Amino acid sequence: MTADPQWQHVKKLFGAALNVEPGKRSAFVRDTCRADDGLRSEVESLLANHEHAAGFAEGPAIETLTDLVLRPGDVFGPYAIRGTLGVGGMGEVYRAHDSRLQRDVALKVLPAILSSDPERVARFNREAQVLASLNHPNIAHLYGLEEAQGMGALVLELVEGSTLADRIAQGAISFEDAVPMARQIAEAVDAAHTQGIVHRDLKPSNIKLTSDRTVKVLDFGLAKALEPPAPGGDVTRSPTITSRSMMGVRLGTAAYMSPEQIKGQAADRRSDVWAYGCVLYEMLTGAPAFEGEDISDTFAAILRGEPDWSALPANVPPAVTALIKQCLAKDQRERITGMSAALFVLNALGPAVAGAHSLNTSARSILARYPKSAAGVLLLTGAGIAAGLLWSILGPQRVVVQPPVQFSVNLAPNQNFTNFGRHLLALSPSGTHLVFVADGRLYLRPLDRLEATPIPGTEGRGLYAPRGPFFSADGKWIGFWQGGLDVISGTPYMALKKVSISGGAPYVICAVDELPFGASWAEDDTILFGGRERIWRVPATGGKAEVLLKLGPGELAQKPQLLPGGRALLFTLLTNTLESGVAPQEAGTEEGVLGERRWDDAQIVVHSLDTGNRQVLLEGGTDGRYVPSGHIVFSYRETLFAIPFDATTLKVVGGRVPIVENVAQATATGASHFTFSQTGVLAYVPGNFAPTLRALAWVDRAGRETATDAPARDYTYPRVSPDGSRVAVTVFDGRQEDVWIWDLAGKRFTRLTADPADDRYSEWTPNGRDIVFASQRGGAAGLWRQPADGGTAEQLVVTPSKPRDWLVPSPVSSDNTRIVPTLLPFGGGSDLFQLQLGPPPHLEPLLQTSFAERSAEISPDRRWLAYQSTESGRFEIYVRRADAVSNERWLVSSAGGQHALWGRDGRELFYAEPGQGLMRVAVEAGAGWKAGTPVKLFGPPYMWTIPNFGGRLYDISPDGQRFLVLKSVDTPQPSTVVVVQNLFENLKRRAPIPR
Amino acid sequence: MNLDDRARDRASRVTHLLRAWGRGDVEARSELLPLVYRELRRQAVGYLRHERPDHTLQPTALIHEAYIRLVGQRRVAWQNRAHFFGVAAHMMRRILVDHARAHRAVRRPAAGLRVSFDAAQGVATQPVDCEVLLLDRALAELAELDTRQAHIVELRYFAGFSEQEIADALAISRSTVTREWQSARAWMYQRLTAGRRRGTP
């Protein structure tokens, strides 16, 4: 439950103020807010808006929506609105009278989104022109477009009469009555197809029956004209599915969607053929071909179910049954490609059902389009058309792609892998299907096809995207993790889910407390997953997860797998997570804690379930997995290795051999992006997910930026040397952090620190000779000093602290005697200390309260101390006397502030205001503290703060005219998957198993 | 299975899910949502299309009807009923927002808001969102500050519950509901008319 404390406070005062009579209100607010100007302005603003908001949000929402835009009597261009015909998936439809042509029309008002995007308008106009050219007795005519009052509308032929849906609701239609209707529908669809128009939304409610037994099909092609451009082919963009939510599908209309439409592929003529088959079936039986209790059931029925063929009446000829079956072939490549086959069958039926067209004329005209089939005509009689013969006349082509030995699967342009801190890939055991996580959902790519399709029901953004997919042992299911937000309590939850590869909504298997590090699906249909101090097991059918194995304190298991025989567990183990102190919420994200790369020290272990013994097989490796060729494959520093392993004796029987290099790996979570099938297919993401890159730039007081020519790196904490010739900066190279020095004139980088422990937060001494920095050497937070030209570092001070706590230095005082560092514990809170440089160095507490104080600096004249504190509820900049005898302090910022910096002459104080940018405060000379109001210098696009990072991210040049800032740089991410076949042969050759 | 059996079956399933959810079973909630949604949507869409004969319908009747249909007369602890109403209000919001988007974005522009959007341009060249869509957006931001307050707005504006009904459902005082609603409204109005993002509310 989110409850911002600041907001609660404002609300309370607002409510109290409302209880005071209006005349006395502002005095009341002034009194209760006292010195807090920010709070007072919030409450006053809220009160003012409360006055103005009269009439706003009054009525229940549903009332405001039931107003139609147009009412009878309104005039829309030359059309007089007479009444409402209905409210459909694409807008309201009105009956209107055309005053010029003296006829009634149907006016379909268009979504406003259409008119605001010129590209869409242009495309829509083109589509509409084509539609308007459709001139067929069975198609409701599009007369034109009309614009008035800032709205657009389609002017359509008004078709009076009931719909086919109404007719079917009264019961199944007799075969004799159904055929003429079916024929007309087929002719309408065929005519449109000939013009290149696909209906895409054919269904009984779109088919009108006029009183003289004529059929008219409505809404041809509008589906395509009105849809927004959909890059990936998204199920939720179909016009009958108006909502983006998973549950937004209207039940009645999902029933006519073809399998390829459900899977998110583009609809073409064959999708119309499918819908036609559904309609024909429903006309004859009175019930839909595919139905279910809810949308997922309906989808499941369409994708995997069969209509009840026995429901077709006995008097339906086998040829028609065969036709329906051919229309409803689930694979569109096996389906009839167009309406001609339907027309052929319907027209070739006996004279009793000739209807409006004579038998021979229509049959001949259709045959004329297929000269090759002339030989087949002689065999055709009304009742004797066999499905096979139909097939041979119109046989579709099958395309089979032979996969090569190695190939790449590319993501679509603008498509990106999601959450590379967790495993992105999964291969089915048979090696035929690849699953990957991109654009916040799971994609399925059969390796013999050319396209990946999104798996519906797996969508989510950011923290709610699916992660870590893995296949079931039988290859029919995909397990994955997905989080969400509980609607009522607002608490986040994380669940293990599974989805079938043939479609249908995902099922929840169980909920978990935190996102595990990898999972596997065992032969006995249980799922194993590992996390903090435990390995869990849950039945794949659902239920409660049980602890299979308890690990030691601070241990973390990744990707547990049951070895053949089921009596031993293989997994990757990290033993020192207590020291690393990774906060649980951050452990699963690539943002993680800066510098978390303990996975180089991980071990691959095997644990016998019989004896309870654990054995370390390998030191230094992650994502260990046993493959049927008799090897364990694992990753170490972005290279895949294989090592022969005997699964019976549980022993390694050879040396490790590198097999593939440059396999992307997430440093924060150790997740290496590769996956194997049981048949020797390997899929992996080559490259690396580039770490954050930033650029160092100069910005002058007016906000004009110039480059520094330093290369883009993962920089933090830049500091300009006192003479302005060099910049000391912290660089993270993917493994560790160190202090580097950039020479501005020579444009050269030199590394200052090289210790494997992290070194950060460099500050220059006033004479420019040494650098003071913070380090985690020795496993404790300390401050060190080292000559800037290189030389030995000496330790100044170290404090008893927990790992990942930092002692962040401040700029050195102008007389080179002291620093006011901040002790920044990992969990939060922080206190100020004073370090007398001596010698000998001496550290003592300076300011320790229950609030967080940090980022302090002594003024150039050494009289004042500027720092930030949360005592008001959020970080603000305060100033107090540097000798700190009294507790007197003055508030400098007004709407939040962090990371104060003194101007070189002490007449200005700068700081960063969240959401605003760099602020400047003029400081007046005098005995007491007097400062002006903050003024913004320039704005946001630079990095002012980083979460969990306690240091100031900007600095000022010696002449005070320019600021050194950090700027984020976009980096291209990997976007391919490489698939390699027959890797087991390769493994056996390069890492042979001794006999 | 005839209609009565099916209704009975479903009622017992929904009650079971509500109780399970009340006990903390997360899965039960995800199973419950589609049932509630489907029920509500059927009624709401019918209402929106003027297909209901009773145009004097109280909007909360939709949710109460859904409750009766889904849970029946069974005894369910008040907390579970509160859960249900909260879920239903949230679903109503989705249904109505979806409807507003799919149909026309330009409707009766929200009173008082049109002026501030158009002020700089004279006639609006961009369609102005209707009140439902604007509120939905502002509410999403408010929810980041105070989820309970956002629930109250959902119950009040999207589901049409009265302040007393909300107070009963959430077991808080009527005056608390009033204050929460008034401050939420003022805050959202402020956000919608401010044009530029300021710091905290």
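Because the structure is a prediction, the values reported are computed rather than measured. (Residues numbered from 1 in each chain as written. Chains lettered and ligands numbered in written order. Predicted model: local features only at pLDDT ≥ 70, side-chain atom pairs only at ≥ 80, totals over all residues. Heavy atoms only, no water.)

**Things to note about the overall build of chain A**
The test is simple: Numbered from the N terminus, helices here are DSSP runs of H or I no shorter than four residues, and strands are runs of E no shorter than two. Whether a residue is buried, partly exposed or exposed follows from its accessible area with a 1.4 Å probe, protein chains only, as a fraction of its type maximum: under 20%, in between, or over 50%, in that order. Two residues form a contact once any of their heavy atoms are found within 4.5 Å. Exposure was quantified through the Shrake-Rupley algorithm and a 1.4 Å probe, taking into account, for residues, occlusion by the shown protein chains and nothing else.
Across its full length, chain A carries 21 helices and 59 strands. Here chain A holds 995 residues, and 56% of them are scored as buried. Put simply, of all contacts in chain A between residues at least 6 apart along the chain, 51% involve residues at least 24 apart. In the structure as shown, chain A presents an accessible area of about 41,200 Å², 52% of it carried by carbon and sulfur atoms.

**Overview of the overall build of chain B**
When its secondary structure is counted, chain B shows 9 helices and 0 strands. In sequence order, chain B lays out its α and β elements as α-α-α-α-α-α-α-α-α. Put simply, chain B has 201 residues, and 54% of those count as buried. In chain B, 64% of the contacts between residues at least 6 apart in sequence involve partners at least 24 apart. As displayed, chain B offers around 9,100 Å² of accessible surface, 50% of which is attributable to carbon and sulfur atoms.

**So, the packing of aromatic side chains**
All names here are of chain A. Rules: A pair of aromatic rings is counted whenever rings of Phe, Tyr or Trp (Trp by its six-membered ring) have centres within 6.5 Å, and the orientation is called stacked for planes under 30 degrees apart, edge-to-face for over 60 and tilted otherwise.
Overall, the coordinates contain 31 aromatic pairs over all chains when judged by the stated rule. Ring plane angle 55 degrees and centroid distance 5.0 Å describe the contact between Trp742 and Phe749, whose orientation is recorded as tilted. A relative accessible area of 3% places Trp742 in the buried class. Taken together, a centroid distance of 5.3 Å and an interplanar angle of 65 degrees make the contact between Trp864 and Trp929 edge-to-face. One end of the pair, Trp864, is in strand β50 (residues 864-869); the other, Trp929, is in the loop between β55 (917-922) and β56 (935-938), with 65 residues separating them in the sequence.

**Re the sheet that holds strand β41 (residues 770-775) of chain A**
Residue and element names in this part refer to chain A. We apply this condition: In short, DSSP must find at least two bridges between two strands for them to pair. Simply put, an axis is a line fit to the C-alpha atoms, just over the touching stretch for a helix, and the angle between two N-to-C directions goes from 0 to 180 degrees.
Taken in spatial order, the 4 strands of this open sheet run β40-β41-β42-β43, and their pairing is antiparallel. Two strands close off the open sheet at either side, each with one partner strand: β40 (759-764) and β43 (794-798). The average angle at which neighbouring strand axes cross in this sheet is 25 degrees, direction not considered. Both strand β42 (residues 782-787) and β43 contribute to a ladder of 4 bridges, which runs antiparallel. Bridging across to β43, Leu783 finds its partner in Val797.

**Things to note about the packing of helix α8 (residues 175-194) of chain A against helix α12 (residues 269-285) of chain A**
The description of two packed helices rests on the angle between their axes and on the distance between the axes. All names here are of chain A. To keep things clear, this is the line we draw: Should an angle fall under 35 degrees it is taken as roughly parallel, and over 145 as roughly antiparallel, whereas 65 to 115 is taken as roughly perpendicular and any remaining angle as oblique.
Contact pair α8 / α12: the axes reach a minimum separation of 10 Å and the direction vectors enclose 170 degrees. When the axes of α8 and α12 are compared, the pair comes out roughly antiparallel. Counted together, Phe175, Ala178, Met181, Ala182, Arg183, Ile185, Ala186, Val189 and His193 of α8 and Arg269, Asp272, Tyr276, Val279, Leu280, Met283 and Leu284 of α12 form the full contact between these two elements.

**Overview of the confidence of the model for chain B**
Any region with low pLDDT has predicted coordinates that should not be read closely. To keep it simple, the criterion reads: Scored between 0 and 100, pLDDT is the confidence that the predictor attaches to each residue.
Model confidence for chain B is summarised by a mean pLDDT of 70, while 62% of its residues fall at 70 or above. Taken as a whole, residues 51-57 of chain B scores under 50 in pLDDT and shows 13 contacts with residues more than four places along the chain or in a different chain.

**What to know about the environment of Ala866(A)**
Residue and element names in this part refer to chain A. Along the chain, the position of Ala866 falls in strand β50. Its relative accessible area of 0% is what places Ala866 among the buried residues. Along the primary structure Ala866 and Arg889 are separated by 23 residues, whereas in three dimensions their C-alpha atoms are 9.5 Å apart.

**Details of the sheet that holds strand β34 (residues 693-700) of chain A**
Residues and elements named next belong to chain A. The strand order across the open sheet built from 4 strands is β35-β34-β58-β57, with neighbouring strands paired in antiparallel fashion. Every other strand in the sheet has two partners, leaving β35 (705-707) and β57 (955-956) as the edge strands with one partner each. The pairing of β57 with strand β58 (residues 962-969) spans 2 bridges and is antiparallel. Among the inter-strand pairings, Asp955 is bridged to a residue of β58, identified as Leu964.

**Examining the side chain of Ser813(A)**
Residue and element names in this part refer to chain A. Condition: Pairs of N or O atoms are called polar contacts if they sit within 3.5 Å, as long as, within protein, a hydrogen donor faces a hydrogen acceptor (for residues adjacent in sequence, only side-chain-to-side-chain pairs).
Examined against the element boundaries, Ser813 turns out to sit in the loop between β44 (806-808) and β45 (818-819). Residue Ser813 is classed as buried on the basis of its relative accessible area, which comes to 2%. Within polar-contact distance, the side chain of Ser813 engages the side chain of Asp815 at 2.7 Å. There is a polar contact of 3.2 Å between the side chain of Ser813 and the backbone nitrogen of Thr817. Leave out the neighbours within four places in its chain, and Ser813 touches Pro766, Arg818 and Ile858.

**Observations concerning the confidence of the model for chain A**
Residue and element names in this part refer to chain A. Summarising the model, chain A shows a mean pLDDT of 80, and 82% of its residues fall at 70 or more. Least confident of the elements in chain A is helix α17 (residues 374-377), whose mean pLDDT is 30; most confident is β57, at 95. Segment residues 351-404 is flagged for pLDDT under 50; beyond a separation of four residues in sequence, or across chains, it makes 54 contacts in the model.

**Considering the environment of Phe161(B)**
In this fold, Phe161(B) is placed in the loop between α7 (147-158) and α8 (163-170). Sequence separation of Phe161(B) and Ile63(B) is 98 residues, and the distance between their C-alpha atoms is 9.4 Å.

**Things to note about a negative patch on the surface**
The criterion, for reference: For patch building, the residue pool is restricted to those with more than 30% relative accessible area and no salt bridge; the joining distance is 9 Å between like charges and 5 Å between nonpolar side chains (Val, Leu, Ile, Met, Phe, Trp, Tyr). We count a salt bridge whenever a side-chain nitrogen from Lys or Arg sits within 4 Å of a carboxyl oxygen from Asp or Glu. For the charge count, each Lys or Arg is scored as positive and each Asp or Glu as negative, with His and the chain ends excluded. One atom stands in for each charge, and that atom is NZ of Lys, CZ of Arg, CG of Asp or CD of Glu.
Together, Asp474(A), Glu523(A), Asp524(A) and Asp525(A) line one region of the surface with negative charge. One can find Asp525(A) in the loop between β19 (519-521) and β20 (526-530).

**Brief notes about the pattern of salt bridges**
Evaluation of the coordinates by the stated rule reveals 44 salt bridges over all chains. Across the pair Glu180(B) and Lys11(A) runs a salt bridge whose closest N-O atoms are separated by 2.9 Å. One end of the pair, Glu180(B), is in helix α9 (residues 174-194); the other, Lys11(A), is in helix α1 (residues 5-18), on a second chain. Both residues of the pair, Glu180(B) and Lys11(A), count as buried. Across the pair Arg751(A) and Asp738(A) runs a salt bridge whose closest N-O atoms are separated by 3.2 Å. Of this pair, Arg751(A) sits in strand β39 (residues 748-751) while Asp738(A) is found in strand β38 (residues 737-743), placing the two residues 13 residues apart along the sequence.

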